[in-house]
Amino acid sequence: MAVRLAGGLQKMVVLLSRNHVKFLAIVTDCLQILAYGNQESKLIILASGGPPELVRIMRTYTYEKLLWTTSRVLKVLSVCSSNKPAIVEAGGMQAMTMHLGSQSGRLQQNCLWTLRNLSDAATRMDGLDPLLQMLVQILGSGDVNVVTCASGILSNLTCNNQHNKVLTCEFGGIEALVHTILQAGDREEITEPAVCALRHLTSRHGRAPDAQDAVRHFYGVPLVVKLLHPPSRWPLIKATIGLVRNLALLPANLAPLRENGAIPRLAELLNRAQQEVTRRVGAAGGGSASVDGVRMEEVVEGCVGALHILARDVNNRAVIRSLGLIPIFVQLLYSPNLNVQRVSAGVLCELANDREGAEMIEQEGATAPLTQLLHSSNEGVSTYAAAVLFRMSEDKPQEFKRRLSTELSSSLHRQDQHGWDPSMDMDHTAHYDPMYMSQGPAAGSLQGGSQHDLRRSAYGELDSHHLMGVNISFDQIPNEHPPDGGQMAAWFDTDL
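Now for a description of the structure that goes with this document.

Criteria and cut-off values
- Residues numbered from 1 in each chain as written.
- Predicted model: local features only at pLDDT ≥ 70, side-chain atom pairs only at ≥ 80, totals over all residues.
- Heavy atoms only, no water.
- Helix = DSSP H or I, 4+ residues; strand = E, 2+ residues; numbered from the N terminus.
- Buried < 20%, exposed > 50% of the residue type's maximum accessible area, 1.4 Å probe, protein only.
- Areas by Shrake-Rupley, 256 points an atom, 1.4 Å probe, with all protein chains shown as cover.
- Expected span 1.5 Å × (residues − 1).
- Contact = heavy atoms within 4.5 Å.
- Arc of directions from axis to C-beta.
- Polar contact = N/O pair within 3.5 Å; in protein donor to acceptor, adjacent residues only side chain to side chain.
- Salt bridge = Lys/Arg side-chain N within 4 Å of Asp/Glu carboxyl O.

In terms of regular secondary structure, the protein chain is built from 27 helices and 2 strands. Per-residue burial over the protein chain gives 57% buried out of 496 residues. By element, 52% of the accessible surface of the protein chain is carried by carbon and sulfur atoms, the whole surface being about 19,300 Å².

Our focus in this paragraph is helix H9 (residues 105–118). Look at H9: 20 Å from first C-alpha to last across 14 residues, which is about the 20 Å you get at 1.5 Å a residue. The element H9 is largely enclosed, with a buried count of 12 among its 14 residues. Every buried residue of H9 is listed here: Leu107, Gln108, Gln109, Asn110, Cys111, Leu112, Trp113, Thr114, Leu115, Arg116, Asn117 and Leu118. Where H9 is buried, its residues contact helix H5 (50–60), helix H6 (64–77), helix H7 (83–89), helix H8 (92–97), helix H10 (129–138) and helix H11 (144–157).

A separate point is helix H4 (residues 39–47). Side chains of residues three or four places apart in an α-helix project in the same direction, reflecting 3.6 residues per turn. Within H4 the residues assigned to the buried category are Ser41, Lys42, Ile44 and Ile45. For H4, the angular spread of buried residues about the axis comes to 160°, placing them on one side. Of the surrounding elements, those touching the buried residues of H4 are helix H1 (2–5), helix H2 (8–15), helix H3 (21–35), H5, H6 and H7. One side-chain oxygen of the residue at the start of H4 lies 3.2 Å from the amide nitrogen of Glu40, identifying that residue as Asn38. Positive backbone phi, approximately 85°, marks Gly49, located one or two places after H4.

Time to look at the pattern of salt bridges. Applying the stated criterion across every chain yields a total of 19 salt bridges. In this structure, Arg258 engages Asp313 in a salt bridge whose closest nitrogen and oxygen atoms are separated by 3.1 Å. With Arg258 in helix H18 (residues 251–259) and Asp313 in the loop between helix H20 (296–310) and helix H21 (314–322), this pair connects stretches of sequence that are 55 residues apart. Overall, the relative accessible area of 18% leaves Asp313 in the buried class. Glu298 serves as the salt-bridge partner of Arg295, at 3.5 Å between the closest nitrogen and oxygen. A residue is classified by how much of its surface remains accessible, and Arg295, at 33% relative accessible area, is partly exposed. A relative accessible area of 18% places Glu298 in the buried class. Through salt bridges with shared partners, one network takes in Lys238, Arg295, Glu297 and Glu298.

Take a look at the structure:
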């Protein structure tokens, strides 16, 4: 305290410009001691121009002890939201990357921890190609801490960054991540970020279909489906649901996912989550239902969204019908959540492709809510609803068809008059990948120990599957799948 009050921190930062390596090691060691656990000290170091000087030292010198003590200071500062962008802007990511191949294990580990803390602030940064390549390589390390950090950094750097996604795939990231998950076993501090990284790599970039194919090629489908089962906790399950959905976007993956039991397991998770929502919301008088920090409403949305894509396959639709899920899908049409309405109407639209499915949907009383959803402000919801109603009406009297056509024309006319407001369609952040976040015993500050400043994972990267712009005529119901739009539910990609 006395050192801070006397202006000692400012003086020490000034001394960082000296060139004597042993002296600098002493100065940086003092800075680490004073900054550890003290936010005021971190802000004083920032205001005094500390981050650029510390980064310069990491770039300039080779003396191991100085590099180690300096990396310790940067590790402490990297958990500070004010210092983090300053370190990144000063080139901290590149400076840390220089030492990932160091023979000094303590230096390498500190650099990894620092990179992990900084990575969520560097998702838009260019010039990280060498780091991505190095991270893919060190996923093969036998050190649990190294693999945990590397998985988390990859998850964040592939978040909302198409360039990094493509490069990571080209560097062999898919195979490395699948192998990492296999080797990790029940270590969710590794499997969760690794799954989040795979989720990012399998969606919304030019090589995404190749990535989806590679997961299957490297025997990842059984491994991924297994993660939907105990002992996986809800944060990992939630991330895995997003990955399953992305894998299902590739037609070649639809049968393997079915054969490995993905559909029954998603059905079980959907039932559990919906029961939890019903129980907790009722008990809390309308509050949100969360387990292990995961909102069960998001799990419901995720499961239905994955089943929606899986239902593109005729054999998968038969399995879904046999599991008795149609009543739940119809019930969810009444959800106040537009995203839940959309995925529910979407899966019903797929199931209605088969006459048996259309009849089961009608028997569950879906006509009334679907008719109401024709007037939804969400164009995806209203279009799906219209498609389901048309498919249900194929064997109906001409008068019924005429009334339905009139109702649809009226609804579409209102949409044309008022225009479509994208902000009404989805959460405005939905088209971004969420950052990986973690919590639990393994999570914590990276200031001075082996714990990570990780955040809990939101859902993974999923592209929305709208029927926007599809002209639905009564005589020809479209069976093709419209292109995925840029908007999606907020749980779809890592801090989605």
